[in-house]
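# Architecture at a glance
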Amino acid sequence: MKNYKLLLIAVLCLCTTVFAQAQSQITGRVVDQNQQPMIGVTLKVEGSSIGAITNFDGYFNLEVPNLKAHILVSYLGYQTKNVALNGKKNLVIQLKEDAQALQEVVVVGYGVQKKSHLTGAISKFQDATAEDRPIARVDEALQGRIAGVSITKTSSEAGSDPQIRVRGMGSLSASNTPLVVVDGYPIADGLSFVDMNDVESIEVLKDAASAAIYGSRGANGVILVTTKKGKASKPKYSVKLYTGFKSAYELHDMASAQEYVSMLQDEESKGGTGPGTTELSWLAIDNYTDWQKVAIKDVSRIDKAQFSVSGGQDKTQYYLSGSYTNDEGIMVNSNYTKYNMRAKLKTELSKNVTVGININPSYSKKETPASNYTDFVRTYSWLPVKHTEATSAITGEPVGSWAHGRHFKNQDYTDADGNVFTASPWGTSNNNPMCVMENESRYTTDYRLSTDMYIKVDITPNLYFKSSNGFYLKYRVYDVYHNMNAKGDGDANYSLYQNQLMVDLLSENTLNYSLGLGDHHFDMMAGWTINSDSYKYAGINGVGFPTDMVHTINAATSISKEESDGDLATYTTREKEMLLSALGRINYSYKDKYLLSASFRADGSSKFGPENRWGYFPSVSLGWRMEQEKFMKAVPEISRLKLRASWGLSGNNSIPNYAAYDKINSANYTFGTTSTLVSGLANTSSTLGNQTISWEQTSEFNYGFDLSLFDNRIDVSANYYYSKTNSLLFEQPAMAITGYTNFWNNIGKVRNKGIEFEVQTYNIRNKNFEWSTSFNISANKNRLIELGDNQSRILNYGERSEVYIAEINKPSIQYYGYKTDGIWQSAQEIADSGLTFMVGKSPEQGTLKVVDTDGNKIIDANDRQALGDPFPDFTWGMVNSFKIKNFDFSFALQGEQGAKVLNGDGYYSEVKKMDKSFTNDRYISPEYPGDGQTPTFANGSGIGWELTDYLIEDASYVALRNVLIGYKLPKSQVKKMGLSKVRVFASAENLLYLWNSDYKGINPEARSTSSQYSSPLIEGYQRGAFPLQRTISVGLEIGF
Amino acid sequence: MNMKKYYILTIFGIMSLLMTGCSLELQPISEIGEGSYYKNASEINAAVVACYNGLQAPMSEEWVLTELRSDNTRPYNTVSTSTSNLLLFEFDQSKISATNSHVYDYWVAVYNEIARCNTVLKHIDVMDEGDTRNHYEGEARLLRAYEYFNLVRLFGPVFLVTERISAEQAKSTQRTTVAEVYTWLEGEFAAAADLLPDSREEDELGRVTSWVAKTMLADLYMNEGKYDETTLNLLKDVYTNSGFELEDNYADVFSIDNEMNKEILFAVRYTSGGIGLGSAFGNLFAPQQSGAAVVNGDGKGYNYPTSSITGLFSSSDTRKDVCLKQTYTKEDGTIVDMRYITKFTSPVTIKNDGDKDWPILRFSDVILLYAAVQNEVNGPEAARGLYNEVHMRAGLKEVAASAFANKYDMRVAIAKERRLEFAFENKRWYDLLRNNTAVMTINNHYVEEQYYEEVSGIDGLNQNTLLLPIPQKEIDVNTNITQNVGY
């Protein structure tokens, strides 16, 4: 048979040569690997100017001089093919996608660059499976995927922002959040509303040399999001649906009232303190409520539907998409809904002029629970949510009404022997947390529109001008309604309506020029940008509603201007900021081997003092593509090796507007017997103005290499960096005797250095089986080098007076407090120690044994020392992907090692008493010391746990972040249905999550502190963490 | 054809040039940059008004630093785990830590008020010479001196900041000795007395007068132990010439319908109505979990009257019922036994938005100070009439001369009268300091008040703990500061 075929071909060839004498017309079709027609493919007869382009169905007609000619078939992103006609007049040409990394293009600031020619540290994230994960946000998909980018989901609340850090913490008071740029447009909260399905790729500019082109905003790294665009083709439709079910990974192991009293009774028999009347009264209340279960929904789901269509003709292409996401948090009243649309349209007006428009409206609504999860954890199991027959009998409150701790105060209780006694089971005056939750609603609604229009004019073949102009509007409404008696008896109702309008105008204009002179190649870019942001804030606070039936402020009896704590409640305020910039870059390569890139940006910002508005941000980087050298041909195993070195200066301006000025606000008063309001004005803030305030600058060196082995089967990329942030923007504490407690200043230095390592391997690549692995690991060391004013340290106090120290030559944040050495085993041991304790802080036996670190026999504030830092030693992630015939399978592991948290739940006495991870094996008496390390619950005795290292815990974890399995229906079947793709998939988040036994909480990633204490120098406090959530989802993807 | 692209380029070029006209010189929009303000009399007046506004913040903490440390009030509970209670226990039990937030909050509020006064004085020269200018200057200097007078009594040697200073300058500022602060205060009160008017128009009531300065100067002298003719004459002048007099009924002094009455020389004014000038005291002092029975929005149960002061009122003393209540009636008619202060309570619609002023200086204070100096200079009989003026106004019988055998008897009587007359008005602690009886009185109180039997770890009050600690946060910023002895 084979021979027969060969023969046939030979005969055909012979025939064609015979006819190939004169000009002939050939026809054919170009298809891709999937046999899909390719539109707009260029065909060109080699050595002539004759050419053609494929039409809508991939067909072409071409006049060729003879049938011996060779045809060059090319299309962007595909390998160019040289086809010998060999006499054929009709042919089907298949183009292969250019899989080689050599041609891979990476988005950089204000342009794109071939990956092979990159000289900075830029990581690219491109992962089709990310779309299938049951997560509502793009940033969550990046967790553990890029070396040097740490993403921490500090709250499990639906729709909440994760914390993102690129290469550690570089600033003390200004923001440490990277700049997010979506399709060239800097959008502060871009990651929260770009839909994962629309994402083509995400690039992270990590080193200062890459980020310097973003000048004053680049110091924290830049995340560039590129969305999908249409290609010339028939309309391609894609539909994706999934639905997921969430559950709590783990809850606190809280003792029930019965369990706790039994424990106390057991302890009493061992010389400990037994239950008092308070605890005994618990037994007399016939009720068991698992309050954590009350806080968590029975079923919480995440649903998503996404639709897109893309296509176009050779001159005009479009991409349109819409998506709906409904993410229910696992906690009651935690919900997030998002509608997102995107339209991208591009057309060639003429040979030289292209215009395009991108439009991205979105709407999202977030419901935030009014009670903290800790409040549920802390509620005793004897308290029902609403009064039952049993509790009604005790309290006299009607059955079915909200049950609160105070109802049980000073009531009569009957013990097992029938004795009646009076007791107060719980001192709290607060309403139960579910009542608070049900009686206060909090909604945040965001309306966004980001749009920009661009025009590109080719002035000469090598020179083009591009102008992009757009605006980003964001209108946020925050709606709160608080019912009467929501938090306690006599609690007045109110309604709060706040809105923020942000209008961000941007104009970016660049000239691009490329020039090849023999072995020398230049790419140059220069331009200017103008960015103006204006903000309008408004709020109305309505009070005294006669009824809770109407929640809008028209029903209020009056409007309150200020809240009792002095915060404005009814107001409008405005702010404006402006950024003018000039920028330029030159990329030079010699023989495609030696690479040089230099950039410069000048930024003028309205945020700073008049003398210091302009900042200048240069960068330079070098690369050497060693594989291009002759001597490397001797090492065929190395398919690619590039050495890189870079230096750059980038800035940070994220401080509040007008920090240069002493701002005067109203400070009114009333005079006269009729209390006439007279207006007064003073700087009522706690901040002093500073006219000299200016940029914070980060100077960073980066050294790295990119290595590919065995025909690109293994790609390795590694970086070492060393950065120093100078003249830190620091909201420095001022002595209060100035009248103010802080002021913005440029003072101090922080250093970050670290290594990053990324490896991608294609372990097996067969027709029916593919296996690839990617792994990344990074470590960052942060040091505070200087604080200025010859200061060596600053102490910052958190919400429970726990202390964080910023000390020079140490990590920028460390916990600071008392070191403990187990517990006092007996009263005798305390007496024998000869220690004097601070007034009111004398310990009892069984409480924490604070170490007298300065050895002066007095336990006081001078014994405090640094107790570890909240920064991880290293973070890592690994993804394994498999393709077996029509199945695809992947799993992603991710972890963080060595970060410490302060477990703030351990501050609460209810947690200290009832949480088994705090009470197991605890001290009872000198004879029964438990494990000798776990303190007993002794209220108000000794130093609070939160001030010692006892609550500082190792939050290292390893998470099986995602497991995904998909199945693609065979082509033949799909075709019958008139479709091009049908895939079903199932995905699971956090199937397995392991943490250190030292950690007593339920979510090592959680960080939460009340907002009035939130400061960049306070990190690692963890209170009221939602449980981790495990999500299992199934989905369907259809293409046609 | 190809020209089009040049047209387009030109359009964009022009557009961009237009936009570059944008300025980076952006001033605050919703606030005023200080540099461009305080240019004329009305703007200086706004700054002076802000000084009065600034009286509220220190006052909100003052009860913690004075009344709670005295024998007048205590926490209701003996044990509590809530941070807010633990912080208050420290004051009641005379073991205040330098990190206690009340100490810092008061410190910050007082120095912010001082900075407001210093701002007025910094810019006062934009005004022409004349009465108005003098009045403004007098007000700023008197309010500042009033705050320093409190500071020096609470903290001992303090930082005497008399002009606006930068954060840098603050660090090189040293504490000033108590004697020097007193000397400076004498000058300030005297100067304010000269600068300020003797009376205020009806619509300006609430602004201070020279009489306030004179009384405070006399009080200062008495703190320095100067019971002499100078002090006597100062008070005699106020007593005779100020035009202030006692209300007939004690209750009328604190009536919400009678604010800034003829007895009030100086008060921190509060106004309800959601304008940010309301008082929180009604809610802070009402019993916990009393719902709306005492005041809308429930109470915190702070500043609980001791048995000591409650028992000190005689049954016919009309002041008792104005100062405190011992029961409240719930909605369902049940009566709850619980003591609480009502002197500063007025009905509110919004929580913490009360209307009642907090008097700083009342005419009865002038009378009793005058009586105290008379007693020391001219003997008890010279003081007796003054003493009885206040005593009898409370519905009590005249005390005969036979009751006062010597100056000591009169001292004791005046101290007791002041305690009752000014119950919970933050006067008690300062009275104990003026009379040098704080250590003895408070330590006796720890023994006599039954409440303390259940409280462990009371070490008592001593000469060191008479002073508050300098806030730890201040020392954290400037480690060269010395802490008060004993902390």
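Note that the coordinates shown come from a computational prediction; the quantities given were computed from them, not determined experimentally. (Residues numbered from 1 in each chain as written. Chains lettered and ligands numbered in written order. Predicted model: local features only at pLDDT ≥ 70, side-chain atom pairs only at ≥ 80, totals over all residues. Heavy atoms only, no water.)

## A word on the overall build of chain A
Keep this limit in mind: Going along the chain from the N terminus, every DSSP run of H or I of four or more residues is numbered as a helix, and every run of E of two or more is numbered as a strand. For a compact globule the rule gives 2.2 Å times the number of residues to the power 0.38, and the radius of gyration it is set against comes from C-alpha atoms. Relative accessibility decides the category of a residue: with a 1.4 Å probe and only protein chains considered, values under 20% of the type maximum give buried, values over 50% give exposed, and everything between is partly exposed. Note on contacts: a residue pair is in contact if any heavy atoms of the two residues lie within 4.5 Å. Only four residue types enter the tally: Lys and Arg on the positive side, Asp and Glu on the negative side; His and the chain ends are excluded. Charge positions come from single atoms, namely NZ of Lys, CZ of Arg, CG of Asp or CD of Glu.
Secondary structure summary: chain A contains 13 helices and 59 strands in total. Over its C-alpha atoms chain A spans a radius of gyration of 33 Å, differing by no more than 12% from the 31 Å that the globule rule assigns to 1040 residues. Structurally, chain A occupies a C-alpha span of about 120 × 70 × 65 Å along its principal axes. Relative to its full complement of 1040 residues, chain A shows a buried share of 55%. Contacts spanning at least 24 positions in sequence make up 68% of the contacts within chain A whose residues lie at least 6 apart. If you average the places of the 103 positive and of the 111 negative side-chain charges in chain A, the two averages end up 12 Å apart.

## Details of the overall build of chain B
Inclusion rule: Calculation of accessible area relied on Shrake-Rupley with a 1.4 Å probe; when residues are assessed, cover is drawn exclusively from the protein chains displayed.
Counting secondary structure elements, chain B contains 20 helices and nine strands. Seen through its C-alpha atoms, chain B measures out along the principal axes to roughly 115 × 60 × 50 Å. Per-residue burial over chain B gives 61% buried out of 487 residues. Residue pairs at least 24 apart in sequence account for 68% of intrachain contacts in chain B once pairs closer than 6 positions are excluded. For chain B, the computed accessible surface area is about 18,800 Å², with 50% contributed by carbon and sulfur atoms.

## Structural notes on the sheet that holds strand β46 (residues 814–817) of chain A
Residue and element names in this part refer to chain A. Convention followed: Here, strands pair whenever DSSP counts at least two bridges between them.
One open sheet holds the four strands; their spatial order is β44-β45-β46-β51, and the pairing between them is antiparallel. Taken across any chain shown, the strands that pair with only one partner, and hence form the sheet edges, are β44 (793–797) and β51 (865–866). Examined bridge by bridge, β46 and β51 share two bridges and lie antiparallel to one another. Bridged to Tyr 816 within β51 is Ala 866.

## Topic: a positive patch on the surface
Residues and elements named next belong to chain A. Using the following cut-off: Patches in this entry comprise residues that are over 30% relatively accessible and not in a salt bridge; like charges within 9 Å are linked, as are nonpolar side chains (Val, Leu, Ile, Met, Phe, Trp, Tyr) within 5 Å. Counted as salt bridges are all cases of a side-chain nitrogen of Lys or Arg within 4 Å of a carboxyl oxygen of Asp or Glu.
Taken together, the side chains of Lys 229, Lys 231, Lys 236 and Lys 346 present a region of like positive charge at the surface. Structurally, Lys 346 can be placed in strand β20 (residues 335–348). Residue classification places Lys 346 among the partly exposed residues on the basis of a relative accessible area of 32%.

## Quick word on the packing of helix α8 (residues 178–195) of chain B against helix α9 (residues 210–223) of chain B
When two helices pack together, you describe them by how their axes are tilted relative to each other and by the distance separating the axes. Residues and elements named next belong to chain B. The condition is simple: Between N-to-C directions, angles span 0 to 180 degrees; the directions come from axes that are lines fitted to C-alpha atoms, helices contributing only their stretch in contact. For classification purposes, angles smaller than 35 degrees are called roughly parallel, those larger than 145 roughly antiparallel, those between 65 and 115 roughly perpendicular, and all remaining angles oblique. Left-handed describes a crossing whose near helix is turned anticlockwise from the far helix by less than a right angle; the clockwise case is right-handed. Amino acids outside the nonpolar list (Ala, Val, Leu, Ile, Met, Phe, Trp, Tyr, Cys, Pro) and the charged list (Asp, Glu, Lys, Arg) are all regarded as polar, and Gly is one of them.
The contact between α8 and α9 brings their axes to 8 Å, and the two run at 155 degrees. Classed by the angle they form, the pair α8 and α9 counts as roughly antiparallel. Viewed along their axes, α8 and α9 form a crossing whose handedness is left-handed. Counted together, Tyr 182, Leu 185, Glu 186, Phe 189, Ala 190, Ala 192 and Ala 193 of α8 and Ser 210, Ala 213, Lys 214, Met 216, Leu 217, Leu 220, Tyr 221 and Asn 223 of α9 form the full contact between these two elements. For the contact of α8 with α9, the residue count by class is 11 nonpolar, two polar and two charged.

## Re the nonpolar core
Just so we agree on the cut-off: Buried residues of nine kinds, namely Ala, Val, Leu, Ile, Met, Phe, Trp, Tyr and Cys, make up a nonpolar core once their side-chain atoms join them within 4.5 Å.
Of all hydrophobic cores here, the largest spans 144 residues; its most connected members are Tyr 111, Tyr 148, Leu 151, Phe 155, Leu 185 and Phe 266 of chain B. Aside from chain neighbours lying at most four places away, what touches Leu 151 of chain B is Tyr 106, Trp 107, Val 110, Tyr 111, Ile 114, Gly 156 and Val 158 of chain B. With 65 residues, the next largest nonpolar core counts Phe 730, Leu 787, Tyr 804 and Tyr 950 of chain A among its residues.

## A look at the side chain of Asp 219 of chain B
All names here are of chain B. Defined as follows: N or O atoms within 3.5 Å of each other form a polar contact, as long as, within protein, one can give a hydrogen and the other can take it, and as long as residues adjacent in sequence are counted only when both atoms are side-chain atoms.
Counting through the fold element by element, Asp 219 comes out in helix α9. At a separation of 2.9 Å, a polar atom in the side chain of Asp 219 contacts the side chain of Arg 434. Setting aside residues no more than four positions away along its own chain, Asp 219 makes contact with Phe 149, Arg 153, Leu 369 and Arg 434.

## Considerations on the pattern of salt bridges
Within the structure shown, the criterion is met by 80 salt bridges over all chains. Where Arg 378 of chain A meets Asp 375 of chain A, a salt bridge forms, and the shortest distance between an N and an O atom there is 3.4 Å. With a relative accessible area of 28%, Asp 375 of chain A lands in the partly exposed category. Note that Lys 849 of chain A is salt-bridged to Glu 829 of chain A, the shortest N-O span being 2.5 Å. Taken together, the residues Lys 849 of chain A in strand β49 (residues 848–850) and Glu 829 of chain A in helix α10 (residues 827–833) connect sequence positions 20 residues apart. Look at Glu 829 of chain A and you get partly exposed, because its relative accessible area is 23%. Because the salt bridges share partners, they merge into one network encompassing Glu 263, Asp 317, Arg 319, Lys 343, Arg 362, Arg 393, Glu 417, Glu 421 and Glu 425 of chain B.

## Things to note about the sheet that holds strand β54 (residues 900–903) of chain A
Residues and elements named next belong to chain A. Here three strands make up an open sheet; going across it, the order is β55-β54-β58 and the pairing mixed. Whereas interior strands pair on both sides, the edge strands pair on one side only; in this sheet they are β55 (952–954) and β58 (1021–1022). Pairing geometry for β54 and β58, over two bridges, is parallel. Across the sheet, the residue bridging to Leu 902 is Tyr 1021, located in β58.

## Re the interface of chain B and chain A
To keep things clear, this is the line we draw: Buried surface area refers to the total accessible area, computed with a probe of radius 1.4 Å, that the two partners give up upon joining, counted for both partners together.
If you look at the interface, chain B gives 90 residues, while chain A gives 89 residues. Roughly 7,500 Å² of surface becomes buried between chain B and chain A when both sides are summed, with 60% attributable to carbon and sulfur atoms. Ranking the residues of chain B by area buried against chain A places Leu 24, Leu 26 and Gln 289 of chain B at the top, with a combined share of 11%. Where chain B packs against chain A, one counts zero salt bridges. Inspection of the region where chain B meets chain A yields 13 residue pairs in polar contact (both at pLDDT 80 or more). When residues of the side of chain B that touches chain A are traced back to their parent elements, those giving at least two are α1 (3–19), β1 (32–33), α2 (41–53), α4 (83–92), α5 (101–123), α7 (167–171), β5 (264–268) and α20 (472–477) of chain B.

## Section: the domain arrangement of chain A
Residues and elements named next belong to chain A. Under the convention used in this document: Note: domain ranges come from an automatic or database domain assignment.
On domain assignment, one finds that chain A holds domain 1 (2–94) and domain 2 (101–235). Interface of domain 1 and domain 2: buried area, both sides summed, is about 360 Å²; carbon and sulfur atoms make up 63% of it. On the domain 1 side of the interface with domain 2, the three residues burying the most area are Ile 39, Phe 56 and Tyr 75, jointly 77% of the side's total. The tally of links from domain 1 across to domain 2 stands at one salt bridge. Residue Asp 57 pairs with Lys 234 through a salt bridge whose shortest N-O separation is 3.6 Å.

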